[in-house]
Amino acid sequence: AQSVTQPDIHITVSEGASLELRCNYSYGATPYLFWYVQSPGQGLQLLLKYFSGDTLVQGIKGFEAEFKRSQSSFNLRKPSVHWSDAAEYFCAVGNTNAGKSTFGDGTTLTVKP
Amino acid sequence: EPEVTQTPSHQVTQMGQEVILRCVPISNHLYFYWYRQILGQKVEFLVSFYNNEISEKSEIFDDQFSVERPDGSNFTLKIRSTKLEDSAMYFCASRLDPRSEAFFGQGTRLTVV
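Summary of the structure given here. (Residues numbered from 1 in each chain as written. Chains lettered and ligands numbered in written order. Predicted model: local features only at pLDDT ≥ 70, side-chain atom pairs only at ≥ 80, totals over all residues. Heavy atoms only, no water.)

**Thoughts on the state of the cysteines**
Okay, step 1: Within the structure shown, the criterion is met by two disulfides over all chains.
Okay, step 2: A sulfur-sulfur separation of 1.9 Å characterises the disulfide bridge that pairs A:Cys23 with A:Cys91. Taking the sign of the S-S torsion, about -65° here, the bridge from A:Cys23 to A:Cys91 comes out left-handed. A residue pair is termed long-range when its members are at least 10 positions apart, and A:Cys23 in the loop between strand S3 (19-21) and strand S4 (24-26) and A:Cys91 in strand S10 (residues 87-94) qualify at 68 residues. The same class applies to A:Cys23 and to A:Cys91, which are both buried.
Okay, step 3: The partner cysteine of B:Cys23 in its disulfide is B:Cys92, sulfur to sulfur 1.9 Å. Taking the torsion about the sulfur-sulfur bond, which here is approximately -65°, the covalent link between B:Cys23 and B:Cys92 counts as left-handed. Remark: B:Cys92 occurs in strand S9 (residues 88-95) and B:Cys23 occurs in strand S3 (residues 19-24); sequence separation between them is 69 residues. (Disulfide = S-S within 2.5 Å. Helix = DSSP H or I, 4+ residues; strand = E, 2+ residues; numbered from the N terminus. Buried < 20%, exposed > 50% of the residue type's maximum accessible area, 1.4 Å probe, protein only.)

**A word on the layout of surface pockets**
Okay, step 1: For the largest pocket, the calculated volume is near 590 Å³.
Okay, step 2: Taken together, 31 residues line the largest pocket, and the ones lying closest to its centre are A:Leu44, A:Gln45, A:Leu46, B:Phe104 and B:Gln106.
Okay, step 3: Only strand S5 (32-38), strand S6 (45-50) and S10 of chain A together with strand S1 (5-7) and strand S10 (103-104) of chain B provide two or more residues apiece to the lining of the largest pocket.
Okay, step 4: Here the lining of the largest pocket gets five residues from one element, more than from any other, and that element is S6(A).
Okay, step 5: In terms of residue class, the lining of the largest pocket is built from 16 nonpolar, nine polar and six charged.
Okay, step 6: Put simply, the second largest pocket is a space of about 390 Å³.
Okay, step 7: Forming the boundary of the second largest pocket are 20 residues, of which A:Gln38, A:Glu88, A:Phe90, B:Gln37 and B:Gly40 lie nearest the centre. (1 Å grid on protein atoms, 1.4 Å probe; cavity = no way out; pocket = protein on both sides within 12 Å on 5 of 7 lines; lining within 4 Å. Points joined across faces, edges and corners; volume = space filled by probe spheres on them. Nonpolar A, V, L, I, M, F, W, Y, C, P; charged D, E, K, R; others polar.)

The structure is reproduced here in structure tokens:
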């Protein structure tokens, strides 16, 4: 069965500081991996995805993530956080057959001025 | 840009009543999904639908739930007899195929009173 672990429930960073959100997955084959962002009361916006190829993927809003098969990780990074990045971030692993996604518990990002 | 649309954005219903949540997936997409997010919790998979039948469902998707694609554009989730614990945000998603990204709607917030 596929699963995702986001070890950090809540992270606080200062505006302008770098950010790394951790994600570990469990899946029997090559995974499809996603990061989504959700603002309060809003839907899910896809930040980036990994299907195959280059293990460093670039996304929207200056985010990037690196797929590390040996560590079963897909950590999200941003070099300089903006106050508008404060939100809930979800990592997800996709099933390559039926296509369902399994989400992690999410990490709440707070940005200090 | 094409998007998944969900209606209504918010629905309040009395316990025991039937509700139908509606979704219009992206027009050329073939795989459809419903997910649920209880307030403050992670996004949970409910059901996937392809070729006019359910391809996978979770333990949450019991006999009180059903899905339908009544015409070429809508995809609905019916909850036959709502319970208080059905209160959640319900997200519809669609994708062209399992190897492409899923696009999520903005969600319907269901409140059961």
